[in-house]
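Commentary on secondary and tertiary structure
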Amino acid sequence: MSSDFEGYEQDFAVLTAEITSKISRVPRLPPDEKKQMVANVEKQLEEAKELLEQMDLEVREIPPQSRGMYSNRMRSYKQEMGKLETDFKRSRIAYSDEVRNELLGDDGNSSENQRAHLLDNTERLERSSRRLEAGYQIAVETEQIGQEMLENLSHDREKIQRARERLRETDADLGKSSRILTGMLRRIIQNRILLVILGIVVVITILTTIAFFVRRQ
């Protein structure tokens, strides 16, 4: 289950980084391109919300004793999602202000807006960089876990092969023991048959001797 959650995390990190990059471009786009970009960002925001819902479902399946760490990460992602939506709204408003200032010829306010946009864009880029680094770190950790699992599976396979070899050796030893016991049983039976035959011969001999002496008298 944790592997599914981490997969959603990586998708969320990549998607939010793309959204952040597009939000920073919205104020500078011409009206037609801006409209298309806004629609694209709205669609990606919906996809990000769906990923959060999937991650939330995965967290609910985690045993309570191990759920704390994932719950904290989910709170962080939800806060980040709220920040993205706020930035998106500001970006659209900033675009409207910029158009109005251009129409009114307010160069001073336009310069201030541009500086504010630059600062916002810098912050967004920094957040995107941090998310990408976090996604990369998660990918590295996932790869390490996968390698450890493969090593464990390899060790388990070797143990199973050794156990099979021991079973084959045990079967061979049991086969030899069975043949030895069968031979011993056969000899015991033969000896008992010989003893019975000897007993019969002795009895016949005794009876014959007794009969011989009785006739002579």
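An unreviewed UniProt entry annotates the chain as Vesicle transport through interaction with t-SNAREs homolog 1A of Heterocephalus glaber. Reading the Subcellular location (unreviewed entry) entry of the UniProt record for the chain gives the comment "Golgi apparatus membrane". UniProt lists a comment for the chain under the heading Sequence similarities (unreviewed entry), and it reads "Belongs to the VTI1 family."

1. Considering a nonpolar patch on the surface
There is a patch of nonpolar side chains on the surface, built from L185, I189, I193, L194, I197 and V201 and spanning about 540 Å² of accessible area. Secondary-structure assignment places V201 in helix 4 (residues 107-216).

2. With respect to the packing of aromatic side chains
The relative placement of two aromatic rings is captured by the distance of their centres and the angle of their planes. Counting across every chain of the model gives three aromatic pairs. Between F212 and F213 the ring centres are 5.9 Å apart and the planes differ by 70°, which places this aromatic pair in the edge-to-face class. With a relative accessible area of 46%, F213 lands in the partly exposed category.

3. Some thoughts on the environment of R75
Relative to the assigned elements, R75 resides in helix 3 (residues 68-104). Distance in space between the C-alpha atoms of R75 and D56 is 9.9 Å, their sequence separation being 19 residues.

4. As for the pattern of salt bridges
Across all of its chains, the model carries six salt bridges by this definition. Measuring nitrogen to oxygen at the nearest pair gives 2.5 Å for the salt bridge that ties E9 to R73. Linking E9 in helix 1 (residues 2-25) with R73 in helix 3, this pair joins segments that are 64 residues apart in sequence. The exposure class assigned to E9 is buried, which follows from its relative accessible area of 2%. Residue K78 is joined to D56 by a salt bridge in which the shortest nitrogen-to-oxygen separation is 4.0 Å. In this pair, K78 is assigned in helix 3 and D56 in helix 2 (residues 31-60), connecting sequence segments 22 residues apart.

5. Topic: the UniProt feature "transmembrane region" (unreviewed entry) in the chain
Residues annotated by UniProt as "transmembrane region" (unreviewed entry) correspond here to residues 193-214. With 100% helix and 0% strand, the stretch residues 193-214 has end C-alpha atoms that lie 32 Å from each other.

6. Digging into the environment of S24
Looking at the element boundaries, S24 is found in helix 1. The class of S24 is buried, set by a relative accessible area of 8%. Taking the C-alpha atoms as reference points, S24 and F88, separated by 64 residues in sequence, lie 8.6 Å from one another. For S24, the side chain forms a polar contact with the main-chain oxygen of S21, separated by 2.6 Å.

7. Observations concerning the nonpolar core
Residues F12, I19, V41, L45, L52 and M55 are the most contacted members of the largest nonpolar core, which totals 24 residues. Those elements giving two or more residues to this core turn out to be helix 1, helix 2 and helix 3. Looking at this core, the element that brings in the most residues is helix 2, giving nine residues. Every residue in contact with F12, bar those within four places of it in the chain, is listed here: A48, L51, L52, M55, Y77, E80 and M81.

The rules behind the values
- Residues numbered from 1 in each chain as written.
- Predicted model: local features only at pLDDT ≥ 70, side-chain atom pairs only at ≥ 80, totals over all residues.
- Heavy atoms only, no water.
- UniProt positions renumbered as here; feature names shortened; annotations may be inferred.
- Patch = residues over 30% accessible without salt bridge, like charges linked within 9 Å, V, L, I, M, F, W, Y side chains within 5 Å.
- Areas by Shrake-Rupley, 256 points an atom, 1.4 Å probe, with all protein chains shown as cover.
- Salt bridge = Lys/Arg side-chain N within 4 Å of Asp/Glu carboxyl O.
- Helix = DSSP H or I, 4+ residues; strand = E, 2+ residues; numbered from the N terminus.
- Phe/Tyr/Trp six-rings, centres within 6.5 Å; stacked < 30°, edge-to-face > 60°.
- Buried < 20%, exposed > 50% of the residue type's maximum accessible area, 1.4 Å probe, protein only.
- Polar contact = N/O pair within 3.5 Å; in protein donor to acceptor, adjacent residues only side chain to side chain.
- Core = buried A, V, L, I, M, F, W, Y, C linked by side-chain atoms within 4.5 Å.
- Contact = heavy atoms within 4.5 Å.

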